[in-house]
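# Analysis of the macromolecular model
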Amino acid sequence: MTKARFDELIHPSTRLSLVATLAAADWAEFAFLKERLDLSDSALSKQLTTLEEAGYVTTERRLSGNRRKLRARLTDTGRNAFNGHIEALKAIVDGATAPAAEPPT
Amino acid sequence: MDNIAPDQARTALDAADRARRQVAEEVGLPRGYWWAMAAGWAVLGVLDDLLPSWVAVIATLCFGAGHSFLASRLLSGRRRTDRLQVSAAVAGHRIPLVVVGMLVGLVAVTVLAALAVDADGARHAGIWAGLLVAAVVGFGGPEILRVLRRWVRA
C-alpha cells in the first residue's frame, strides 16, 4: 500500500492534472498534453522542466517523419510521489468526513 | 499539508480523476484497423459469392491469421492514436474479449443478413450482406466498441 505523502511540487492544479494524465499513460506526446490541459507551448514546457528537474518526469525527442516529437513519461519516483499525494489528499478528505471521537467521560 | 482544507483536497482529487478519465477515453483501436476490417469483410463477401468455396475458405483463414497478427499488437486498446499509450492499468484486460465478441456478433449479423436477402430473392446475397456489415464496421466500429465497453464496463 502506498504511504500518504503530501507533495508540494505536484499539488498546484495544472501540475496535478499533468502528472495525473501521465500516471494514466505509459507515455504521452507534447501535443496531446498541450491540447488536453489547454496550455501554451511555453507553459507546458515550463511545467515539464520543473517535473523533470525533480526527477518525476523524463522526456525524449523522437523522429516522426520529418518532425521531432517530444514524449513525456512519469518516472517511478514520479509515480510513487503522485500515488502518495493522492493518498494524502484522500486522508484529508476522510479526516473531514470521519465521525468525531466521543469525548472521554 | 495542514493548510489544505478538505474542500481543496476533494477538488484536487476530482481534477486527478478527470485527467485519468480523459486518458481512459483514448482506449480503443486505430481508425485504420476498422477500415482494414471493413475491406476484409467486403472482399470475403465477394469471394464467398463468386468463387469456389475452397478459395473462400483459404481467404477466410488468411484473413483470420492476419487479424491474429494485428490483434497481438492492437487489441489491448492502448494504441488507438500515436499521441499516447494508455497504461495497462487504465486500459484493463477485457478489451480483446469485447472486440472478439463484437466480431463474432458481426459474423452472425452477416449470416442473418445474407439469409434475409436470399429469402427476398435477390442475387449475390453474400456480397450484399458482406457490404452491409463492412459499412457498419468501417463507419461505426469505434462507436460500437465504445458502447460495448460501457455495457460491460471494460
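A brief report on the enclosed structure follows.

The rules behind the values
- As a convention, each chain's residues are numbered from 1 in the sequence order in which they are written.
- Working convention: letters from A go to chains and numbers from 1 go to ligands, in the order in which they are written.
- In keeping with the predicted nature of the model, local features appear solely for residues at pLDDT of at least 70, side-chain atom pairs appear and are counted solely at 80 or more, and the whole-chain, interface and lining totals rest on all residues.
- Side-chain measures were taken over the full set of non-hydrogen atoms in the model, leaving aside hydrogen atoms and water.
- Paired strands, in this sense, are two strands between which DSSP finds at least two bridges.
- A run of DSSP states H or I qualifies as a helix once it reaches four residues; a run of E qualifies as a strand once it reaches two. Both are numbered from the N-terminal end.
- The convention used is that axes are lines fitted to C-alpha atoms, helices contributing only their stretch in contact, and that angles between N-to-C directions extend from 0 to 180 degrees.
- Any two residues having at least one pair of non-hydrogen atoms within 4.5 Å are treated as being in contact.
- We define buried area as the total accessible area lost by two parts upon association, computed with a 1.4 Å probe and summed across both.
- Each salt bridge in this description consists of a side-chain nitrogen of Lys or Arg and a carboxyl oxygen of Asp or Glu lying within 4 Å of one another.
- Gly is placed with the polar residues, together with every amino acid not listed as nonpolar (Ala, Val, Leu, Ile, Met, Phe, Trp, Tyr, Cys and Pro) or charged (Asp, Glu, Lys and Arg).

We now examine the sheet that holds strand β2 (residues 57–64) of chain A. Spatially, β2(A)-β3(A)-β1(A)-β1(B) is the arrangement adopted by the four strands of the open sheet, whose pairing is antiparallel. The outermost strands of the open sheet, each flanked by one partner alone, are β2 of chain A together with β1 (84–86) of chain B. The sheet shows a mean angle of 25° between the axes of neighbouring strands, direction not considered. Bridge analysis of strand β1 (residues 25–29) of chain A against strand β3 (residues 67–74) of chain A gives two bridges, and the strand direction is antiparallel. Considered in β3(A), the bridge of A:Glu29 is made with A:Arg71. Strands in contact with helix α3 (residues 41–53) of chain A are β2 and β3 of chain A; relative to β2(A), the strand with the most contacts, it is inclined by about 125°.

Our next topic: the interface of chain B and chain A. Between chain B and chain A, the residue contacts involve 24 residues of the former and 27 residues of the latter. A combined buried area of about 2,300 Å² lies between chain B and chain A, and 65% of that area is made up of carbon and sulfur atoms. There are three salt bridges connecting chain B and chain A. Two residues, B:Glu26 and A:Arg36, come together in a salt bridge whose shortest N-O distance is 2.8 Å. Secondary-structure elements contributing two or more residues to the side of chain B that touches chain A are α1 (6–24), β1 and α4 (88–91) of chain B. The greatest single-element share of the side of chain B that touches chain A, amounting to eleven residues, is contributed by α1(B). Counted by class, the side of chain B that touches chain A contains 15 nonpolar, three polar and six charged residues.

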